[in-house]
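# Architecture at a glance
The lines below spell out each chain.
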Amino acid sequence: EEKEARKAGDRELSDIQALILQKDTEEYNEVERMKVENRRRELMEHSKDIKKQMAYKLAQSQPIMSEAEILINKPLLKLVDRTLENRHPRQSYPATVPEGVEDEED
């Protein structure tokens, strides 16, 4: 009888330890899941910041001419367009003369 009581007590202790281990494991898994989630969110925010920086730098590297500058430089811009087309007729280059500028013969 004492032996069985000891076995029952040991079983009860094992069950308690299993419950504690299970709770600890669940808690650990939740903490790890949150870490992964936070890391993913941080990486997404960082990616957005990098994309904004790239767009800003790209915009800075592409000079924009005013309407007056375009009109003054129009013959040169047309020459550049023709030269690019003659050198590489199969490649598509962006037009150097912006759309919307009147196409008058010079």
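### Notes on the overall build of the protein
- Within the protein, the secondary structure is distributed over two helices and zero strands.
- In the protein, which comprises 106 residues, the share counted as buried stands at 6%.
- When the accessible surface of the protein is split by element, carbon and sulfur atoms take 55% of a total near 10,100 Å².

### Things to note about the pattern of salt bridges
- The full count for this structure, using the stated rule, is three salt bridges.
- Between R33 and E30 there is a salt bridge, with its nearest N and O atoms 2.5 Å apart. Taken together, the positions of R33 and E30, both in helix 1 (residues 2–61) and three residues apart, correspond to about one turn of that helix.
- Judged by relative accessible area, R33 falls into the partly exposed class, the value being 40%.
- The partner of K35 in a salt bridge is E32, and the shortest N-O contact between them spans 3.2 Å.

### Regarding a positive patch on the surface
- On the surface, a cluster of positive charge is contributed by K3, R6, K7 and R11.
- By the element assignment, K3 lies in helix 1.

### Re the environment of E30
- Judged by its relative accessible area of 37%, E30 is partly exposed.
- Of note is the side chain of E30, whose polar atom sits 2.5 Å from the side chain of R33.

The rules we used
Residues numbered from 1 in each chain as written. Predicted model: local features only at pLDDT ≥ 70, side-chain atom pairs only at ≥ 80, totals over all residues. Heavy atoms only, no water. Helix = DSSP H or I, 4+ residues; strand = E, 2+ residues; numbered from the N terminus. Buried < 20%, exposed > 50% of the residue type's maximum accessible area, 1.4 Å probe, protein only. Areas by Shrake-Rupley, 256 points an atom, 1.4 Å probe, with all protein chains shown as cover. Salt bridge = Lys/Arg side-chain N within 4 Å of Asp/Glu carboxyl O. Patch = residues over 30% accessible without salt bridge, like charges linked within 9 Å, V, L, I, M, F, W, Y side chains within 5 Å. Lys, Arg positive; Asp, Glu negative; His and termini not counted. Charge placed at Lys NZ, Arg CZ, Asp CG, Glu CD. Polar contact = N/O pair within 3.5 Å; in protein donor to acceptor, adjacent residues only side chain to side chain.

Interpretation note: all reported values are geometric properties and have no functional meaning in isolation.
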